[in-house]
Amino acid sequence: MHAPPRLLAPVALACAALLGACEGAEHAGSGGSVAIAGSSAGGAAGAAGGAGGQAAGGTGVGGQSAGGGGAGYDGPRLLSETGLYSNIATRQLASGVQGYGVRYPLWSDGSVKTRYVWLPPGAQIDTSDADHWDFPVGTKAWKQFERSGKLIETRLVEKTADGFEAVAYEWRADGSDADVRPEGVENVAGTSHDVPSQGQCLECHTNSHDYFLGLTVVQLSTSVTDSELQRMALRGWFSAPMSVYQAPGTPEQAAGLGYLHGNCGHCHRVEHPIGRKLGLQLLLRSGDQDFESTGFAVSTPNAPAKHVIGGTAVIVTPGEPSQSQLWVRSGLRDLEGMPPLGTEQVNPSGQDAIAALIRSLEP
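Definitions and cut-offs
Residues numbered from 1 in each chain as written. Predicted model: local features only at pLDDT ≥ 70, side-chain atom pairs only at ≥ 80, totals over all residues. Heavy atoms only, no water. Core = buried A, V, L, I, M, F, W, Y, C linked by side-chain atoms within 4.5 Å. Buried < 20%, exposed > 50% of the residue type's maximum accessible area, 1.4 Å probe, protein only. Helix = DSSP H or I, 4+ residues; strand = E, 2+ residues; numbered from the N terminus. Contact = heavy atoms within 4.5 Å. Expected span 1.5 Å × (residues − 1). Pairing = 2+ DSSP bridges. Axes fitted to C-alpha atoms, helices over the stretch in contact; angles between N-to-C directions. 1 Å grid on protein atoms, 1.4 Å probe; cavity = no way out; pocket = protein on both sides within 12 Å on 5 of 7 lines; lining within 4 Å. Points joined across faces, edges and corners; volume = space filled by probe spheres on them. Nonpolar A, V, L, I, M, F, W, Y, C, P; charged D, E, K, R; others polar.

Participant: Talk me through the nonpolar core; I want residue IDs and the actual numbers.
Facilitator: General note: in soluble globular proteins, nonpolar side chains tend to be found buried as a group. Among the nonpolar cores identified, the biggest contains 46 residues, and W133, L215, M232, F238, L260, F296 and L326 are the most heavily contacted of them. The set of elements that each furnish at least two residues to this core consists of β8 (163-171), α3 (217-220), α4 (228-234), α5 (251-263) and α9 (348-359). In this structure, L326 is in contact with L260, L282, F296, I315, V316 and I354, ignoring residues within four places of it in sequence. Judged by nonpolar contacts, the second largest core, of 16 residues, contains Y73, Y169, A178 and V180.

Participant: Account for α9, naming residues and giving values.
Facilitator: Between its terminal C-alpha atoms α9 stretches 16 Å, which fits the 16 Å expected from twelve residues at 1.5 Å a residue. Where α9 is buried, its residues touch α5, α7 (295-299) and α8 (325-330).

Participant: Describe the sheet that holds β8, naming the residues involved and giving the relevant values.
Facilitator: With antiparallel pairing, the six strands of this open sheet are ordered in space as β4-β5-β6-β7-β8-β9. One side of each edge strand has no neighbouring strand; the edge strands of this open sheet are β4 (98-100) and β9 (178-180). Taking each pair of neighbouring strands and ignoring which way they run, the sheet shows an average axis angle of 25 degrees. Here strand β6 (residues 140-147) pairs with strand β7 (residues 150-160) via eight bridges, running antiparallel.

Participant: For the pairing of β8, give the residues involved together with the corresponding values.
Facilitator: In terms of residue burial, β8 counts as a mostly covered element, since eight of its nine residues are buried. Two strands pair when backbone bridges link them, and β7 and β8 are joined in this way by eight bridges, in the antiparallel orientation. When the sheet's bridge partners are listed, K159 is paired in β8 with F164. The turn linking β7 back onto β8 is made up of two residues.

Participant: Go over empty space enclosed by the protein, please, and point to the residues and values.
Facilitator: Counted according to the given criterion, the structure contains one cavity of 30 Å³ or more. The computed volume of the largest cavity comes to approximately 40 Å³. The wall of the largest cavity is formed by L257, L260, L282, L283, L284, T294, G295 and F296. Those elements giving two or more residues to the lining of the largest cavity turn out to be α5 and α7. Here the residues of the lining of the largest cavity are counted per class, giving six nonpolar, two polar and no charged.

Function-wise, these values are silent; they only describe arrangement.
Set out below in C-alpha cells:
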C-alpha cells in the first residue's frame, strides 16, 4: 500500500468551495486522499493559482488561466514524455498502452473522449474487493478530449509510491504535441471547454479508492458478452475473477441509475465529503442487484433538500420530475447547477433519463 499522500491547504479550500456550490452554503472542511502532482517539491497546488505552462502567470495557448496551482509542478512538460505514445506525430500508442471505454461516460458538453491505461509489465490490479480496486504503483491512465475532430486536451493520472499525480495537457494548434497546464486553462482553443487545474481534478476524485473513477466493475461492464471488463481479465490484469455488472430495475431505471452514477456518483458517494455530509448516494455498487437496494432508491425519495432551488425543497418527489430538485438542478448551469464542474451546457438526454427514473417511482 502507498503512504497516505498530503492534501495541501489551497486544495482543501477548493474542495470546500465545491461543497459550498453543491449545498448553496459553506462547509467547514473536506478532507482528501490524493497527492497533487508536484506536491513532493513543496509547490502550491489548488485554487490559489500560480505560474505554469509557459511563463509565470501565463494563460496558456488559446485560453485564459483557470487558476489552480502550477508553481510546484516538476513532472513531464510535454504529453509526448508521459508514455502514452511511442510516436506522437502518428499517434502510435506506446507498448502496453490499452484503449478502453466506459459504460456511463461523464457528460462533457458533447466532447468526444478516448481513454487509455497502462500497467507495469507483469503487474496486476488487486480486485479482491470488487468495488475498491488497488492498482499497482506505476499505473497510468489518460483521457483525451476532442471538439470538432480536433484534439484539445489530454489528462493524465499516475499512481506513484507516494500517492497520485494528476495533471492536464493542452494540445498545440498544429497537433504536434501537448503542453502541461497544471494551473488550468479556460476556453481552450476558442471553445467553451476548460482544461482543469490540478486542484479541480481533486474536487471530484477526492477520497476515491485509487483515484481511477472509470476503471471499475460498473464502468467497465460495457456489454454482457464482450465487455472491457472481460477483455482486461483476458490480459491477466485482475487478481480475482470479476463478473459483468448490469444496473438493476426496468430499462428506464437502469439507464437513469447509470447516468447518475457516471455524472454525479463520483461526489455523491459515502467515500466523498459531499456524500457523507448530504447523505445523497448516487454511485452504483457491484452488490446492487435489485433496484430497491441502490443508493438512489434508499437516499433520494421524499428526502428534504438543504435549500429551496427552482421552487423545489425535496431531492426526489416520486413520479414528479419538475418537483424534484435532483432533476431541476441537472437543468441548470449556474452556481446551483449540477454537476458544478466540467460542463457549461445542459445534457437533454441526461435530463430525460433522470426524469424517466423519477417517474418510475410510485408516489
